Amino acid sequence: MSLRTNETGSARVCKGKVLVIGVGGLGSPAAFALALAGVGTIGLVDSDCVELSNLQRQILHFTPDIGKPKVDSAREKIQQLNPSTTVVTYNEWLHAANLADIFAAYDFIVDGTDGVATKFLINDGAVLLNKPLSHAGIVQFHGQALTVLPHRTTCLRCLFPVPPHPDENPTCQEAGILGSLGGSLGGVQAAEAVKYLSGAGELLTDRLLTYDALALRWREVRVRPSPHCPLCGTPRTITGLQPEAYELERLCTPV
């Protein structure tokens, strides 16, 4: 979907509010880039603390931060990068009961989490609340990204009406991950947020972008909204967030 540049683009970015869910391998580089781009308010959702194993990919966290809440560690770095950016932290799980309250204040959502139920909860909540969303996922040497404009473009449910079983999709903690992969896809997510806020360029809508780091190859797959999507098709069978539908997975589960 194309956007047009105008003279107020920079001002819109400065006034924009972006929520980053998960301050890990995707969320860290995304938040880093958003701060450098001058985004006015960045929200950070994560309930985890920094661990030594995080440091090879989660670029907002350093060795002295081990044991510190990730949202606090990330806030400190972002404020050093750009003191003009307001950072709002949510050191808590994101779940069906608190999602609407957290999403309400933001213009754009960046999903930097891992886990099947997590991603479907964020997708469903964003579509139901009409919040533009950048979805991304990374595992081992592969990544993918898709931008969703609710009720206008393809959402995650259009592609997968029923979430795959978690056993079919190992998390990056289980399968491992190339550290730099998060920077590649997190940067894409930040660019999508800035483009949306500024009104510049063409968003990654109805196009699934995949990245194979082993072959160093980007590939674009055209996708379409499904008329039978249970979330945005007809008839709609998902009209609210039911906790049991997401297995009460504890969020965030950052990459």
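Draft legend 1. Spotlight on the pattern of salt bridges. Across all of its chains, the model carries 9 salt bridges by this definition. With a shortest N-O distance of 3.1 Å, K119 and D111 are connected by a salt bridge. Two residues, E220 and R207, come together in a salt bridge whose shortest N-O distance is 2.8 Å. Of this pair, E220 sits in strand β10 (residues 217-222) while R207 sits in strand β9 (residues 207-212), and the two are 13 residues apart along the sequence. Classification of R207 as buried rests on a relative accessible area of 11%. Residues joined in a network through salt bridges with shared partners are D65, K68, E76 and K77.

Draft legend 2. Representation of the packing of helix α2 (residues 27-37) against helix α8 (residues 179-198) in the model. Between α2 and α8, whose axes approach to 7 Å, the crossing angle comes to 40°. Taken as axis vectors, α2 and α8 run oblique relative to one another. Where α2 crosses over α8, the handedness of that crossing is right-handed. Contact with α2, carried on its side by P29, A30, A33, L34 and A37, involves G182, G183, G186, A190, A193 and V194 of α8 and no other residues of that element. Of the residues in the contact of α2 with α8, the class split is 8 nonpolar, 3 polar and no charged.

Conventions and cut-offs
- Chains are numbered independently. Their residues run from 1 in the order of the written sequence.
- Local features in this predicted model are restricted to residues whose pLDDT is 70 or higher, and side-chain atom pairs enter the listing and the counts only when it is 80 or higher, whereas totals over whole chains, interfaces and linings include all residues.
- The basis for every side-chain value is the complete set of heavy atoms in the structure, and neither hydrogens nor water enter the calculation.
- Salt bridges are defined by distance alone: a side-chain nitrogen of Lys or Arg within 4 Å of a carboxyl oxygen of Asp or Glu.
- Where helices and strands are cited, they refer to DSSP runs of H or I of at least four residues and of E of at least two residues respectively, numbered from the N terminus.
- Burial status follows relative accessibility: with a 1.4 Å probe on protein chains alone, a residue under 20% of its type maximum counts as buried, one over 50% as exposed, and anything between as partly exposed.
- Lines fitted to C-alpha atoms define the axes, with helix axes restricted to the stretch in contact, and inter-axis angles between N-to-C directions lie between 0 and 180 degrees.
- We call two directions roughly parallel when the angle between them is under 35 degrees, roughly antiparallel when it is over 145, roughly perpendicular when it lies between 65 and 115, and oblique otherwise.
- Crossings are classed by handedness, with left-handed meaning an anticlockwise turn of the near helix from the far one by less than a right angle and right-handed meaning a clockwise turn.
- Contacts between residues were defined by any pair of non-hydrogen atoms, one from each residue, lying within 4.5 Å.
- Residues were grouped as follows: Ala, Val, Leu, Ile, Met, Phe, Trp, Tyr, Cys and Pro as nonpolar; Asp, Glu, Lys and Arg as charged; and all remaining residues, including Gly, as polar.

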